[in-house]
Amino acid sequence: MAALGWLTPRRRSATARSVLAGEASAEAARKSSQEVQDVQDVPDTQDTEPQFPVLGDDKAAAFFDLDNTVMQGAALFHFGRGLYKRKFFETRDLAKFAWQQAWFRLAGVEDPEHMQEARDSALSIVKGHRVAELQSIGEEIYDEYMAERIWPGTRALAQAHLDAGQKVWLVTAAPVEIATVIARRLGLTGALGTVAESVDGVYTGKLVGEPLHGPAKAEAVRALAAAEGLDLTRCAAYSDSHNDIPMLSLVGHPYAINPDTKLRKHARNLDWRLRDYRTGRKAAKVGIPAAAGVGAVAGGTAAAIALHKRRR
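Residues numbered from 1 in each chain as written. Predicted model: local features only at pLDDT ≥ 70, side-chain atom pairs only at ≥ 80, totals over all residues. Heavy atoms only, no water.

**Points about the sheet that holds strand 2 (residues 167-175)**
Point 1. Strand order in the open sheet formed by 6 strands is 3-2-1-6-7-8, and the pairing between neighbours is parallel. In this open sheet, the two edge strands, each paired with only one partner strand, are strand 3 (190-194) and strand 8 (273-275). Recorded for the sheet is a direction-independent mean angle of 20° between the axes of neighbouring strands.
Point 2. Strand direction decides the pairing type here: strand 1 (residues 61-65) and strand 2, joined by 5 bridges, are parallel. By the bridge assignment for strand 2, Asp65 is matched with Val171.
Point 3. Of the strands in this sheet, strand 1, strand 2 and strand 3 are in contact with helix 8 (residues 215-228), which crosses strand 2 at around 145°. (Pairing = 2+ DSSP bridges. Helix = DSSP H or I, 4+ residues; strand = E, 2+ residues; numbered from the N terminus. Axes fitted to C-alpha atoms, helices over the stretch in contact; angles between N-to-C directions. Contact = heavy atoms within 4.5 Å.)

**So, the pairing of strand 7 (residues 253-257)**
Point 1. Counting buried positions over the 5 residues of strand 7 gives 4, a clear majority of the element.
Point 2. Bridge analysis of strand 6 (residues 236-239) against strand 7 gives 4 bridges, and the strand direction is parallel. Within strand 7, the residue paired with Ala236 across the bridge is His253.
Point 3. In terms of handedness, the path from strand 6 via helix 9 (residues 245-250) over to strand 7 forms a crossover that is right-handed. (Buried < 20%, exposed > 50% of the residue type's maximum accessible area, 1.4 Å probe, protein only. Right-handed = clockwise from strand over helix to strand, strands pointing away.)

**Examining the nonpolar core**
Point 1. Judged by nonpolar contacts, the single largest core of 43 residues is most densely connected at Phe64, Leu83, Met146, Leu170, Ile182 and Tyr238.
Point 2. No other element matches helix 5 (residues 131-146), which puts 7 residues into this core.
Point 3. Once you skip the residues sitting within four places of it in the chain, Leu170 turns out to touch Phe64, Leu66, Val70, Ala179, Ile182, Ala183, Leu188, Gly190, Ala191 and Leu192.
Point 4. Within the second largest apolar cluster, 27 residues are counted, among which are Leu212, Ala218, Leu230 and Leu248. (Core = buried A, V, L, I, M, F, W, Y, C linked by side-chain atoms within 4.5 Å.)

**A word on the pattern of salt bridges**
Point 1. Evaluated as defined, the whole model comprises 15 salt bridges.
Point 2. Between Arg184 and Glu139 there is a salt bridge, with the nearest N and O atoms lying 1.9 Å from each other. With Arg184 in helix 7 (residues 176-185) and Glu139 in helix 5, the pair connects residues that are 45 residues apart, well separated along the chain. We note that Arg184, like Glu139, is buried. (Salt bridge = Lys/Arg side-chain N within 4 Å of Asp/Glu carboxyl O.)

**Side note on the environment of Val54**
Point 1. Topologically, Val54 is positioned in the loop between helix 1 (16-32) and strand 1.
Point 2. Separated by 109 residues in sequence, Val54 and Asp163 place their C-alpha atoms 9.9 Å apart.
Point 3. In contact with Val54, other than residues within four places in its own chain, are Ala164 and Gln166.

**Overview of the packing of aromatic side chains**
Point 1. This model, assessed by the stated rule, comprises 3 aromatic pairs.
Point 2. Aromatic pair Phe52 and Tyr255: ring centres 6.4 Å apart, planes at 20°, arrangement stacked. Here Tyr255 lies in strand 7 and Phe52 lies in the loop between helix 1 and strand 1, a separation of 203 residues in the sequence. We note that Phe52, like Tyr255, is buried.
Point 3. Ring geometry for Tyr238 and Tyr255: centres 4.6 Å apart, planes at 20°, overall stacked. Of this pair, Tyr238 sits in strand 6 while Tyr255 is found in strand 7, placing the two residues 17 residues apart along the sequence. (Phe/Tyr/Trp six-rings, centres within 6.5 Å; stacked < 30°, edge-to-face > 60°.)

Following this line, the structure appears as structure tokens:
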């Protein structure tokens, strides 16, 4: 793969599959970014850094995790809901997605076992379908389930980088096709995501390498930065999860957004910047009633319980 030449020396924590996943995601992101269109600017907030990002620094870029950082909940779950609505799978499969989403939202952290189950389910569902078909459906699903779940505070941070003339990338374990739709709708440069294998435009039900998670995200960012001629010490990265510490540690400006307990502790120890849009004070600042967050969690849990009762 041509992307092998992009890489700089990496940490030993990255496996060969992580490197492959990262390279594949970076290559897909660079191709898809050519199709990204601008969207309406988001109004500025008073929560941005006064001297950062640096205006006109073309060696800097920003990398944003997606789930619980840019968007409330998991993109893969919302995608699953959309596919269920279109009769891609049965009610019992939706119940599994609902329980995974309820746990994710209540715990606020990524569980590897739950994520693996969700990915396996998604791969089995899309096997045999055309890539173009899923891309088109992804546009509809964004409007139906995702648009209203974008954190305005995080989006404003991304917009600040765009306004400074910098590129902004999503970096997520979600399928790259879905991540690219979200990036395009938000007016971002592009997306790094998990790459599902396809032959002649049809999904095989396998992945290229492994899911873009943990060390694989760092490898993708490293590869993309090398290909784009970026200086990582001048770049920024944003995430809610301790699983993304490898990615956050790559850049000169790491941010913990809506952090889980482990990331919050790590960020405080290293004096990283923190932003939490889930609290009443921060939610009010970006125009989200605190009660809405509580209601969303309660609603997701109630839906999961209802589906569970139907199964019984």
